[in-house]
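Secondary and tertiary structure notes
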Amino acid sequence: MSSWFPHWRRVSPSRDGLVAPDERLSTPQTLLMGIQHAVAMFGSTVLAPLLMGFDPNLAILMSGIGTLLFFVIVGGRVPSYLGSSFAFIGVVIAASGYAGSGANPGIGLALGGIIVCGLIYALVGLVVMALGTRWIEVLLPPVVTGAIVMTIGLNLAPVAVSSVADSSFDAAMALVTILCIGLAAVLTRGMLQRLLILVGLVAAYALYALVTNGLGLGPAIDFTPVAEAAWLGMPTFSTPTFTWHATILIAPVAVILVAENLGHIKAVGAMTGRNLDPYIGRAFLGDGIATMVSGSAGGTGVTTYAENIGVMAVTRVYSTLIFVAAAAFAILLGFSPRFGALIQTIPGPVLAGASIVVFGLIAVAGARIWIQNQVDLSDNTNLIVAAVTLVLGAGNFSIDFGGFTLDGIGTATFGAIGLHLLLRRGARLGRRG
């Protein structure tokens, strides 16, 4: 009988091949990779709570705790980072009546719905652990999961692009960041290449500081908040309140999280050449419990992060231990207002440039699912499912159901599942006729 955790095999630091989930780098390399993954998740994990009126430092803290919970529950078998989920933003705003600025006075109502959503998600995980994933795989074949993963990247694209202010300087600095990351990808070797996003960000940050603070050619980086912030401090905790209205609005997000997580696991499995299907139930359970714990403290709902899958796709390092390092870094950041203030000095154009690269990698990961599973796009069913899903998601096609808004990712997810079942059944009936 195998142990709950794998026995991580040490690989050579000079090795240029793929580092599998049950392999490990040296401790310094693991820590550096963890920091890179923390940087990759930071923008979205902070942006989501800001949009919902939650405390971003608490969201960072709970993302680290949630990632550790996930790591333990999946037995260190699935490489994933859990960060703030964008799927909650619309329903949280609707349930809490958030006005859009400052702290959310109705945060307790949202937290109750988030906890129930996490509970449903965890129950789905238990069902999968007991019955297997066949029923999910029927609903979510590779053509569907690939389209959903690609949709996530395309849906996030406007977020990255719109975060560049309407000025030629900001646009130029975003392009400089993209160039820095690209050059780090092709000019560096060994460990530096594995840290290409972190290296690119640091280089772009330094160039931005030189051009603005040094030469005065643009909005300078303000380090005053860093100097004024305390080294150690507690984030703001909140108490959940349970109401039927908020629960009905927020709980259905669990379905989106299931599809999202399944797509992520399939993507990582395809990229690593490992069969991660036996751990899908555990992954759902871990993500659900992490969402419940986060909501109980006042944090956002969490999900496995496609941003970090993008980082893994580039670095080819899938060791699950790097996410322990990333989680520890996030927890330290959550308890350090000064460190949080420093990270938040990263200029918007630099974050936007990095987001463009990472979100693009997410979209490409969806295409990789199609390629590695040899999805036949000459098949009209697959072709229509892929085409409609991508447009629904990229166009952020939303539907309102009496106060419950299903955004682009949700409509694309349910649309892909329903359309595939309908067209596949129609194709079978056509062949019989």
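Preceding this paragraph is the structure being described.
Below or above, wherever it landed, is the structure these notes cover.

Reading the values: rules and limits
Residues numbered from 1 in each chain as written. Predicted model: local features only at pLDDT ≥ 70, side-chain atom pairs only at ≥ 80, totals over all residues. Heavy atoms only, no water. Helix = DSSP H or I, 4+ residues; strand = E, 2+ residues; numbered from the N terminus. Buried < 20%, exposed > 50% of the residue type's maximum accessible area, 1.4 Å probe, protein only. Contact = heavy atoms within 4.5 Å. Areas by Shrake-Rupley, 256 points an atom, 1.4 Å probe, with all protein chains shown as cover. Patch = residues over 30% accessible without salt bridge, like charges linked within 9 Å, V, L, I, M, F, W, Y side chains within 5 Å. Salt bridge = Lys/Arg side-chain N within 4 Å of Asp/Glu carboxyl O. Phe/Tyr/Trp six-rings, centres within 6.5 Å; stacked < 30°, edge-to-face > 60°. Lys NZ or Arg CZ within 6 Å of the ring centre and 35° of its normal. Core = buried A, V, L, I, M, F, W, Y, C linked by side-chain atoms within 4.5 Å. Axes fitted to C-alpha atoms, helices over the stretch in contact; angles between N-to-C directions. Parallel < 35°, antiparallel > 145°, perpendicular 65-115°, else oblique. Left-handed = near helix turned anticlockwise from the far one by under 90°. Nonpolar A, V, L, I, M, F, W, Y, C, P; charged D, E, K, R; others polar.

Quick look at the overall build of the protein
- Summing up its helical and strand segments, the protein has 19 helices and six strands in all.
- Looking at the protein as a whole, 54% of its 433 residues qualify as buried.
- Here the analysis covers contacts within the protein between residues at least 6 apart in sequence; of these, 79% occur between residues at least 24 apart.
- Of the roughly 17,700 Å² that the protein leaves accessible, carbon and sulfur atoms contribute 69%.

Some remarks on a nonpolar patch on the surface
- Taken together, the side chains of Leu 119, Leu 123, Leu 126 and Met 129 define a hydrophobic patch exposed on the protein surface, amounting to about 360 Å² of accessible area.
- In this structure, Leu 119 sits in helix α4 (residues 107-131).
- The exposure class of Leu 119 is partly exposed, given its relative accessible area of 41%.

Structural notes on the packing of aromatic side chains
- In total, this model carries five aromatic pairs according to the counting rule given.
- Every member of this aromatic cluster is reached through a ring pair, and the members are Phe 5, Trp 8 and Phe 71.
- For the cation-ring pair, Arg 282 lies above Trp 4, with the distance from its terminal atom to the ring centre recorded as 3.8 Å.

Focus: the nonpolar core
- Counting residues in each nonpolar core, the largest one holds 106 residues, and the members touching the most others are Phe 88 and Ile 250.
- Sort the elements by how many residues they give to this core and helix α12 (residues 253-272) lands first, with eleven residues.
- Beyond its immediate sequence surroundings of up to four residues, Phe 88 is in contact with Met 52, Ile 114, Cys 117, Ile 250, Val 253, Leu 257, Thr 291, Gly 301 and Val 302.
- Within the second largest apolar cluster, five residues are counted, among which are Leu 58, Leu 61, Met 62 and Ala 297.

Remarks on the pattern of salt bridges
- All chains considered together, the criterion is met by two salt bridges.
- Of the charged contacts in the structure, one is a salt bridge between Arg 9 and Glu 23, with a shortest N-O distance of 2.3 Å. Highlighted residues: Arg 9 in strand β1 (residues 9-10) and Glu 23 in strand β2 (residues 23-24), separated in sequence by 14 residues.
- Assessed through its relative accessible area of 6%, Glu 23 is described here as buried.
- A salt bridge links Arg 274 to Asp 22, with the shortest nitrogen-to-oxygen separation between them at 3.3 Å. Taken as a pair, Arg 274 in the loop between α12 and α13 (280-297) and Asp 22 in the loop between β1 and β2 lie far apart in primary sequence, 252 residues in all.
- Assessed through its relative accessible area of 34%, Arg 274 is described here as partly exposed.
- We classify Asp 22 as partly exposed; its relative accessible area is 27%.

As for the packing of helix α9 (residues 196-214) against helix α17 (residues 348-372)
- Contact geometry of α9 with α17 gives a least axis separation of 10 Å together with a crossing angle of 155°. By the criterion of interaxial angle, the relationship of α9 to α17 is roughly antiparallel. Crossing handedness for the pair α9 and α17: right-handed. Here α9 contributes Ile 197, Leu 201, Ala 204, Tyr 205 and Tyr 208 to the contact with α17, which in turn contributes Pro 349, Val 350, Ala 354 and Val 358.
- Each residue belonging to the contact of α9 with α17 can be placed in one class, and the counts come to nine nonpolar, no polar and no charged.

As far as function goes, none of this settles anything; it's purely spatial.
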